[in-house]
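So the chains spell out like this:
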Amino acid sequence: MTTETSSRGDRGVISARRTESHDVSDIIGLFSNTTDDLFGRIDVVHLLERASLALTLCNEKNVAIAHAVFLDYPNWNITDQSDWESFLRENYISSSCTPLNTLFMHLCVAKEEYAAECPQEIVRRAFITVPELQFILLFIPAEMNLEPDMENVFEKMATAPDSVVDNDFTLFVCPRHRQYPQLYVRKARLEDHDDIRALWTHQNETLKETCSEYSLADLIESQDEDNQAAVGEAGGTAVGFMSLCSQVNVSLLQECFDLGPFHGLCKPHPEDILKVPQDPSLQEGEDKSNQTSQETESVPSPNVEHVPDEDAAVPSSGAVTVPHAELLPGDAKDFKGSATLLEAEEKGSFRPLYRGASNAFCIRLFWIDEKYETRSLDFLQYVFKLFPDKDFCVILVPHHVPEFPLLQSFVRAVPFCTSRFGQELYVFHRAGLLTSFNVRSATNNDLPGVQVLTETLSLNKRILNDFSTFTLLRRDPDGTAVKAFVAEVLDQIVGVSVIRDEMHIEYIRSHYNIEAFINFNRHQQEEHGHLCHFVLNPIFHHYTKYFLKEILRLAHKSSLYYPIYPQYVKGKIAAFQFQTPCAHSLTSALHYMAPVRPRRQIVYPLEELGINAPSEQVSKDQLSYSLNHTNRKLVLESKVSVNTRIVVVGASDVGISFLETLVFWPRLQFNNLTLISTHGLPGKDPPGSRHRGFLINSHCFNDEDHAKMSLRSWVNVVVGKMTSINRAAKYVVVSKEEKVPYDYLVLCAGQQYQVPAPTGADIHKLPTNRDVLSEWPQRYTGKVPSNHFTLNDSQDCAKAARWLMEHVVNAEGNVIVYGNTMDIYTTVEALLSLGIAGARIHLVQPPLRSNVTCLNNNELEGAVGQALGEAGVSVHRDCVLAQWGTGDDPDLITSASFTTSTKPFQLQCSAFFSFAYRTVDYETFKAINDACLVFDGRLVIDTKFCTNDVSIRAAGPLTKYSRRYYADERTHSHFSSKEIGSELAVSMLRLLDLTPQPSSVAPEGTDSLIPTYKGCKIKGGVLPGGYHYLHIAKPGIPVRLDLELCLSDHGMEIITGKAREGNYFRMHINKYSMVDGITCFSKEPFPASNYICLYGQHERLLNDLCYRWNQGQITDLYRFFREPWSMAIYHDQFIDLKEELRQALLSEQVPQPLPEDAAEQSPCPEPLLRPVLRFLRRHRHRLPMYYPAMALRRAAEEAATGPGGADPPAP
């Protein structure tokens, strides 16, 4: 912030920020009479969409007083944007301007009273924001003169003797040194002590604990060959301090971090062991590398799932994939280097062995005045001269310290997932100081250099093939234009990228929320590019954003897209060449791209819509993938890196929702997210796998959702089970072996089906349930027989399905399904679909522990019971497991005995499925209990997800609220897991101070109130008889349906069809006329995702549902909700339209209700009609079934003016 004085003499604090789209009207309001003369006719929205940098100055009241927009090519149409550098060399004397260090001012406007001061301040802010920026250029017409306030900022650039360009335009330049000069860095002296100490007092407590004020003088005075100190000086005053040491424990760092890309921070040595001896059996696998050349994790630990085989670029840590995507530097003076990559196929715990001397020095202490922190890189030019024999500079930073500007030029070393080293390691190579980084279009002569750059990559052949395609044909086999670019330093190729035109942009627009990043209508089809390959030497990693910026400029693109395909796509033949995983190599640019949220899709009834259906580009099925994006606005906007170690235990819906929220949070990059899960992340198997039907579907996340999120690209995954928690040392023990450290631990393990212990009752004595229920249920502690199955996730289901196919399907014997949850019905249907005869299936139901059944609907229970009978399935009710017999093989259950309320019985058994006992897993309980976390049947939390340890949060069915809330029954299991996980993530962001705090203070005493969650609770699946089932209910404790119907304020029930006929559809409309319950039970598949959108809607929005029902106009709700009028309700942004209409109603712009005759002529007031028309216009590609928006407008205007009125003007 700075203080400015207006022409009226008013002094005030001025702050700068990035310009947002909502500033457009303010910018236009600041235009003056000379704006068009200086900058030409400006389309502000178009300009902001392509701005490399746009800044806004605001006063103390947050009112915009000035704006400036900078692009990476000249204002006015003087020369092609890809060729301005040669244009400057030919026409102007100065040749120092390069695409790396130059931006062009395209607009600068300010309030009249601040016009004298703002141009200088906004230019200074531009230099602060972009450290590499050295020149700002401005072209104006030759006949125009700069305003006096601008003349103080810019100076005229001299033209070349033979140039004639000055006849039309005059070029002005503002060099950095006039506004924000570089620091003068020198050796620290004792007389600097007072200045340095003054800076030290303003530093954070972590730094003060590291270095006391009394040791400053010692650091300065005790300098020698190994220990140095430097200061940065501005105006004769020390504004920054750096303490350095040449002694680095590289052996320790090699144990904790993957330093392969940096040759272990050692000098090359002939005896270095960099690679596991090649195993011929692995040779074949190298060519089958999926999604993104699987080099990301070079040193796998025994039970760590090193997901980046599919994880595009971001390794588990998320920050630096470069190390494995690019050529590795060996000697700083020779970029080719000698280090070799380890392929992901090389299993085991091998780690490279480096025998050379240390090649690094370290920054022990560093602080700098906040005003000059973006000039931190100025220190490195000096400090590398202090250690001429060292090529790497390293710095260790505590996990909780925010990433400061100096670190943005360093490469973050990827820590091993189980490393307990308490700090982050950042590395910088001396060659990174070179500024001759140049990007140009590739030529045939570049092929040898590209071969050298990519020779260690598993997908190097694919990269070279695509590169050759560009140099030879400029198009790929399907005719799409291909472009290739190389990055050079000192005439040596250090980077290569291949892009193509994005031909599926309408699909992207309809399936991903790309409009959160760009104003789509402001970009032409040909301006969208598809990033296929991006390879960059890691020592130039900090130039990644400039490489991307140059690709966009040289290719005349405004946006780039990079897909990541799921693991199961490996080996499939895609419909298009570039829809295969191997079509895209690992990209180190992913850290500089933004993950794009997938959009909820409308399931269109294509036959009913006919010619009114959306285009095939919108509705067609493609291989699901996660999408990453960058554009001209984003490339120079740095993300906020968060190195805090957040460990999530459990891949439940709550845990996945928590991770999803953090990963997709705008402008944040979480580098240390870790998931501990028994089977890793879900979504590994292709959609439609036969084992999917065993368990009920919560509809929180499906396989397509997992593919479109690609959490593997951002999250470490440790495969195993949490067995203990060390709260003092802050680590979790996994499978009694690996120690996973954390700063914050998030427990989302949920509850699982457990193996129930037989009561042990002797059935020969004819016991009844009354004799054994006091001891039931209990956890079985013995060895679990191999044919006993408890299914808790898709991996368990897949394992059971394989076992059944091998041992049961083609054999004889009974399959017993034991339990009374919804999963028993879906499992029976799955068994029938596998080919097991119904007569061999026995459904055994234990006594209910609640008066609410799993279906909670007598009509549905009757239909399911009839289907079970017709299939030949035997049903036994109110049965308690007494014993199971193992016969000759103690590993197999051969029979099972049950007690009932009358007499016991025994069944032969070939497979036993248990769904009778669900609770917290014993090992999870033991880990929680041994860690002295409060456990009261479930893990106890407060309303902010906190346990009794400030570093441990928990959510989901694993938890319960503390007894002080007097709400023992209101657990998270009664609410939407997806909503719970999202709220948990928001609470974590507030804890880390990464999201704005609420503007209003919560009323006193509200901390003792249980939070209210609004998301619906969903379950669905395929039940016996082939019935497709979906139940959507309001959150809360379930109540028996027959009792609920008796309530006086129950509302209205709308039911069509019969359950036994397979066309049952029930909707509950509450007393507020809102939909708060839906049950579908159909023989035919139905669009469940569409029906979920109906929850919470007012019945009037549903085409006057209640009125039409009362009038007898609705006989089939399935057909009613397939009609074209309903499609808008299923649109993912319909909620935004509702909010806009609500605001219009609250703003009193809508007149009072009109008389009936007037209402018939003008059925919709204009303030309400306009938002609806805008919505239909904006989304016409997804909602073409509605009457054209322009025609609607004309119809409304004709209704308002009458048939004899004048024609409205053309839009």
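A brief look at the structure comes next. (Residues numbered from 1 in each chain as written. Predicted model: local features only at pLDDT ≥ 70, side-chain atom pairs only at ≥ 80, totals over all residues. Heavy atoms only, no water.)

## Thoughts on the pairing of strand S52 (residues 1075–1082)
Across a regular strand the side chains alternate sides, sitting on one face of the sheet and then on the other. Let me state the cut-off plainly: Here's how the labels work: a residue is buried when its accessible area is under 20% of the maximum for its type, exposed when over 50%, partly exposed in between, all with a 1.4 Å probe on protein chains only. Secondary structure is summarised from DSSP: a helix means a run of H or I of at least four residues, a strand means a run of E of at least two, and numbering begins at the N terminus for each. Paired strands, in this sense, are two strands between which DSSP finds at least two bridges.
With 8 of 8 residues buried, S52 lies mostly within the body of the structure. Of the strand pairs in this sheet, strand S49 (residues 1027–1033) and S52 are connected by 6 bridges, and their pairing is antiparallel. Counted as the bridge partner of Ile1032 is Ile1078 from S52. One ladder, built from 7 bridges, connects strand S51 (residues 1063–1069) with S52; its direction is antiparallel. Directly across from Arg1066, in S52, lies its bridge partner Thr1079. Two successive antiparallel strands, S51 and S52, enclose a turn made up of 5 residues, where Ser1073 displays a positive phi of approximately 65°.

## What to know about the packing of aromatic side chains
Applicable threshold: Stacked, tilted and edge-to-face pairs are distinguished by plane angle, under 30 degrees for stacked and over 60 for edge-to-face with tilted covering the rest, among Phe, Tyr and Trp rings (Trp via its six-membered ring) whose centres lie within 6.5 Å.
Going through the model one piece at a time under the given rule, you end up with 47 aromatic pairs. Look at Phe384 and Phe428: their rings are 6.1 Å apart centre to centre, the planes differ by 45°, and that puts the pair in the tilted class. In this pair, Phe384 sits in helix H13 (residues 378–386) while Phe428 sits in strand S18 (residues 423–429), placing the two residues 44 residues apart along the sequence. With relative accessibility at 2%, the residue Phe384 sits in the buried group.

## With respect to the side chain of Lys549
The cut-off we apply is this: Contacts were defined at the residue level, with two residues in contact if any of their heavy atoms lie within 4.5 Å.
When you line up the elements, Lys549 lands in helix H17 (residues 544–554). Setting aside residues no more than four positions away along its own chain, Lys549 makes contact with Ser52, Asp72, Pro99, Val635 and Leu636.

## Observations concerning helix H7 (residues 193–200)
Using the following cut-off: Note that the arc is computed from the directions linking the helix axis to the C-beta atoms.
Listing the buried residues of H7 in full gives His193, Ile196, Leu199 and Trp200. Projected down its long axis, H7 carries its buried residues within an arc of 130°, all on one side.

## Some words on the sheet that holds S18
Convention followed: Only C-alpha atoms enter the line fits that serve as axes; for helices the fit covers just the stretch in contact. Angles between N-to-C directions range over 0 to 180 degrees.
Reading across the sheet, the 7 strands line up as S9-S10-S11-S14-S15-S18-S16 and stay open at both edges, with mixed pairing between neighbours. In the strand order of this sheet, the two ends are held by strand S9 (184–187) and strand S16 (411–412), each with one partner. Taken together, the 4 bridges between S9 and strand S10 (residues 227–234) define a ladder with antiparallel strand orientation. Each residue of the ladder has a partner; that of Arg186, found in S10, is Val231. Sheet strands touched by H7: S10, strand S11 (237–245) and strand S14 (360–368). Its angle to S11, the strand with the most contacts, is close to 85°.

## Thoughts on the packing of helix H20 (residues 653–663) against helix H27 (residues 977–991)
Quick reminder of the rule: Our angle categories are set so that under 35 degrees counts as roughly parallel, over 145 as roughly antiparallel, 65 to 115 as roughly perpendicular, and the remainder as oblique. Here a crossing is taken to be left-handed if its near helix is turned anticlockwise relative to the far helix by less than a right angle, and right-handed if that turn runs clockwise. Classes in brief: Ala, Val, Leu, Ile, Met, Phe, Trp, Tyr, Cys and Pro nonpolar; Asp, Glu, Lys and Arg charged; the others, Gly included, polar.
For the pair H20 and H27, interaxial distance at closest approach is 7 Å and the crossing angle is 45°. Relative to H27, H20 is oriented oblique. In terms of crossing hand, the pair formed by H20 and H27 is right-handed. Here H20 contributes Asp653, Val654, Ser657, Phe658, Glu660, Thr661 and Leu662 to the contact with H27, which in turn contributes Ser977, Lys978, Ile980, Gly981, Ser982, Leu984, Ala985, Met988 and Leu989. Residues belonging to the contact of H20 with H27 are distributed by class as follows: 8 nonpolar, 5 polar and 3 charged.

## Concerning the nonpolar core
Condition: Definition used in this section: a nonpolar core is a set of buried Ala, Val, Leu, Ile, Met, Phe, Trp, Tyr and Cys residues joined via side-chain atoms within 4.5 Å.
Residues Met105, Ile136, Phe154, Phe437, Phe658, Ile725 and Leu747 are the most contacted members of the largest nonpolar core, which totals 154 residues. When sequence neighbours within four positions are dropped, the list of residues in contact with Ile725 reads Tyr731, Tyr742, Leu745, Leu747, Ala927, Ala931, Leu933 and Ile952. Ala613, Cys1016, Met1067 and Ile1129 belong to the second largest nonpolar core, which has 43 residues in total.

## Comments concerning the sheet that holds strand S42 (residues 905–908)
In space, the 3 strands of this open sheet follow the order S40-S41-S42, with antiparallel pairing throughout. A strand with exactly one partner marks an edge of an open sheet, and here the two such strands are strand S40 (880–885) and S42. Each strand of the sheet is rotated relative to its neighbour by a mean of 25°, with strand direction disregarded. Judged from the 4 bridges that link them, strand S41 (residues 895–899) and S42 form a sheet pairing that is antiparallel. Across the sheet, the residue bridging to Phe898 is Phe905, located in S42.

## Comments concerning the packing of helix H32 (residues 1134–1146) against helix H34 (residues 1166–1178)
Taken N-terminus to C-terminus, the directions of H32 and H34 make an angle of 165°; their axes are 9 Å apart at the nearest point. On the basis of their axis angle, the class for H32 and H34 is roughly antiparallel. In this structure, the crossing between H32 and H34 has a hand that is right-handed. On H34, the residues touching Phe1134, Leu1137, Glu1140, Leu1141, Ala1144 and Leu1145 of H32 are Pro1167, Leu1168, Pro1171, Val1172, Arg1174 and Phe1175.

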